[in-house]
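Summary of the model geometry
For reference, the chains in residue letters:
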Amino acid sequence: MRSSYADCILACAADQRCLGFNFDGPNKMCAMLDNVTSSSPFRGVTSGVKATRS
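This section reports on the structure supplied with the text. (Residues numbered from 1 in each chain as written. Predicted model: local features only at pLDDT ≥ 70, side-chain atom pairs only at ≥ 80, totals over all residues. Heavy atoms only, no water.)

**What about the overall build of the protein chain?**
- On a plain count of helices and strands, the protein chain comes out with 1 helix and 3 strands.
- Secondary structure elements in the protein chain, listed N-terminal to C-terminal, are α-β-β-β.
- Rg of the C-alpha trace for the protein chain: 11 Å, near the compact-globule value of 10 Å for 54 residues, within the 12% margin.
- Taking the principal axes of its C-alpha atoms as reference, the protein chain extends roughly 35 × 20 × 15 Å.
- Burial status across the protein chain gives 19% buried among its 54 residues.
- Summarising the internal contacts of the protein chain: among those between residues at least 6 apart in sequence, 32% fall at separations of at least 24.
- With the model as given, the accessible surface of the protein chain reaches about 4,400 Å², and the carbon-plus-sulfur share is 52%.
- Across the protein chain, 6 positive and 4 negative side-chain charges occur, with their mean positions spaced 4 Å apart. (Helix = DSSP H or I, 4+ residues; strand = E, 2+ residues; numbered from the N terminus. Rg over C-alpha atoms; globule rule 2.2 N^0.38 Å. Buried < 20%, exposed > 50% of the residue type's maximum accessible area, 1.4 Å probe, protein only. Contact = heavy atoms within 4.5 Å. Areas by Shrake-Rupley, 256 points an atom, 1.4 Å probe, with all protein chains shown as cover. Lys, Arg positive; Asp, Glu negative; His and termini not counted. Charge placed at Lys NZ, Arg CZ, Asp CG, Glu CD.)

**Quick notes on the side chain of D15**
- Assignment of secondary structure puts D15 in the loop between helix 1 (5-14) and strand 1 (20-24).
- Residues in contact with D15, not counting those within four places in the same chain, are M32 and K50.

**Some details on the state of the cysteines**
- Inspection of the entire model under this criterion finds 2 disulfides.
- Between the sulfur atoms of C8 and its disulfide partner C30 the distance amounts to 1.8 Å. Residues C8 and C30 share a disulfide whose torsion about the S-S bond is about 80 degrees; that sign makes it right-handed. Taken together, the positions of C8 in helix 1 and C30 in strand 2 (residues 29-33) put the pair 22 residues apart, joining distant regions of the chain. The residues C8 and C30 share a single accessibility class, namely buried.
- Disulfide pairing places C12 opposite C18 at an S-S distance of 2.0 Å. The S-S bond linking C12 to C18 shows a torsion near -100 degrees; that makes this disulfide left-handed. Side by side, C12 and C18 carry an identical accessibility label, which is buried.
- Of note for the protein chain: the bonded cysteines, numbered N- to C-terminal, pair according to 1-4, 2-3. (Disulfide = S-S within 2.5 Å.)

Distances and angles like these do not, on their own, reveal function.
In structure tokens, the structure reads:
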């Protein structure tokens, strides 16, 4: 569990399987994703997608 958006970014960057994440601000929880197919707005949740090199 991560406590900030920045922690979530760093955790995803360090995890080879992580392709994106959702950070739940009100609950200070980070959910790392190994698959990103779509996005949906949720109040209080900020998402990010890992940049990939081609």
